Amino acid sequence: MKKSVGIIFTLIALIVLAACGGEESASGADEGKKETIRFGATSGPYSDMVNKALKPLLEEKGYTVENTEFSDYIQPNNALHNGDIDANLFQHKLYYESFAEENGMDLSEVKIVPTAPMGLYSNTYDSIEDIEEGSNITIANDPTNLARTLIMLEDEGLITLDEEVDQLRASLADIKENPKNLQFKEIEAGQLPRTADSEDLATVPGNFALAAGMDLLDALALEDMPDDYRNRVVVNTEDLDSEWAQDIKEVIESPEFEAIIDEEFQGFGKPQWMTE
């Protein structure tokens, strides 16, 4: 009898231990598995890209996706660094590297995404060939957008830049040839859309064009921007190799993501990896 009771207690103990071990294993398996990805993006096309493209595809993978909209280019990185969000989408490489260095942050990109390009707009001319000598043209007064503008104008044959200049840092002083004698007017980038009505030509960054209700496909020309100027999903470097960050990358690289871009974001320039 005592022997039977001892066997019973032993069996009960083994069952309890097995159950505890199973709970620990299950808990351990789930440990570190992220259920919610918190994005941050500037209001407009990149917030739309999170909501229309990234969110539904990540939800198919089982995540809940939240998106916080920002109205400036400072808070999205501060929120990321502070842990208020997990990833952001609004900035190009030159910006996030400079911002991180100046503010003691360690940020890394997950993947470059299609980006709204700089465009050359006109209500005076219907084509590049129609542009007359001495036409007024508005351009951005900040170094980054100015350099992009000059590269685009050179690609369209309207100017020639000094061969020895770093094109990503080009300025008006680096214009070597201006065959149509274009008259440049430098103004703040956010004010450029309204000049399409008052000047012969206006060069407008894509985000400001879309915010002003302009159609990218109405431009006389769209820039073939270097990938350094295309926006990317950015995370804290410590999260770069996490499962959820790699799932974001996988989603961006998927045919389904590109199909949404083609349907919802017409005119957006695709990064090199998408066109190879």
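Owing to the predicted nature of the structure, the values given are computational and were not obtained by experimental measurement.

> Which residues make up the pattern of salt bridges, and what are the values?
In the structure shown here, the tally under the stated rule is 13 salt bridges. The partner of E250 in a salt bridge is K61, with the nearest N and O atoms 2.6 Å apart. One end of the pair, E250, is in helix α8 (residues 243-252); the other, K61, is in the loop between α2 (45-60) and β2 (64-70), with 189 residues separating them in the sequence. One salt bridge in this structure joins K270 and E258, with 2.8 Å as the shortest N-O distance. Of this pair, K270 sits in the loop between α9 (255-264) and α10 (272-275) while E258 sits in helix α9, placing them 12 residues apart in sequence. Judged by its relative accessible area of 25%, E258 is partly exposed. Each member of the salt-bridge network shares a partner with another, and the members are K34, R38 and D86.

> Residues and numbers for the environment of F184, please.
Assignment of secondary structure puts F184 in strand β9 (residues 183-187). Classification of F184 by relative accessible area gives partly exposed; the value is 23%. C-alpha of F184 to C-alpha of A202: the two residues are 18 residues apart in sequence and 9.8 Å apart in space. If we skip the residues at most four places from it in the chain, F184 touches I137, I139, L153, I159, L172, I175 and N178.

> Just give me the short version of the sheet that holds strand β3 (residues 87-92), but keep the residues and values in it.
Ordered in space as β2-β1-β3-β12-β4, the 5 strands form an open sheet in which the pairing is mixed. What marks the edges here is a single partner per strand, and that holds for β2 and β4 (107-112). In this sheet, neighbouring strand axes are inclined to one another by 35 degrees on average, regardless of whether the strands run parallel or antiparallel. Helix α3 (residues 75-82) rests against β2, β3, β4 and β12 (231-236) of the sheet, and its axis sits at about 140 degrees to β3. Helix α4 (residues 93-103) rests against β3, β4 and β12 of the sheet, and its axis sits at about 110 degrees to β3.

> An account of the sheet that holds strand β6 (residues 136-140) is requested, with residue identities and associated values reported.
Here 5 strands make up an open sheet; going across it, the order is β9-β6-β10-β5-β11 and the pairing mixed. Two strands bound the open sheet, and with one partner strand each, they are β9 and β11 (221-222). The sheet contact formed by strand β5 (residues 119-121) and β11 spans 2 bridges and is antiparallel. Its bridge partner being in β11, G119 is matched across the sheet by L222. Where helix α5 (residues 143-155) meets the sheet, it contacts β5, β6, β9, β10 (201-204) and β11, and its direction lies at approximately 135 degrees from that of β6.

> Describe in detail the pairing of β12, supporting the description with residues and values.
Burial analysis of β12 places 6 of its 6 residues in the buried class, which makes it a mostly covered element. Of the strand pairs in this sheet, β3 and β12 are connected by 4 bridges, and their pairing is antiparallel. Across the sheet, residue Q91 finds its bridge partner in β12, namely R232. The pairing of β4 with β12 spans 5 bridges and is classified as antiparallel. If you follow S108 over to β12, its bridge partner there is V235.

> Just give me the short version of the confidence of the model for the protein chain, but keep the residues and values in it.
Across the protein chain, the average pLDDT comes to 90, with 88% of residues at 70 or higher. Counted against residues more than four places away or in other chains, residues 1-31, with its pLDDT under 50, gives 0 contacts.

> Explain the side chain of N77 to me, using residue names and the numbers behind them.
In this fold, N77 is placed in helix α3. Overall, N77 belongs to the buried group, its relative accessible area being 0%. Leave out the neighbours within four places in its chain, and N77 touches N88, F90, Q91, Y95, F99, M105 and L107.

Cut-offs applied
Residues numbered from 1 in each chain as written. Predicted model: local features only at pLDDT ≥ 70, side-chain atom pairs only at ≥ 80, totals over all residues. Heavy atoms only, no water. Salt bridge = Lys/Arg side-chain N within 4 Å of Asp/Glu carboxyl O. Helix = DSSP H or I, 4+ residues; strand = E, 2+ residues; numbered from the N terminus. Buried < 20%, exposed > 50% of the residue type's maximum accessible area, 1.4 Å probe, protein only. Contact = heavy atoms within 4.5 Å. Pairing = 2+ DSSP bridges. Axes fitted to C-alpha atoms, helices over the stretch in contact; angles between N-to-C directions. pLDDT = per-residue confidence, 0-100.

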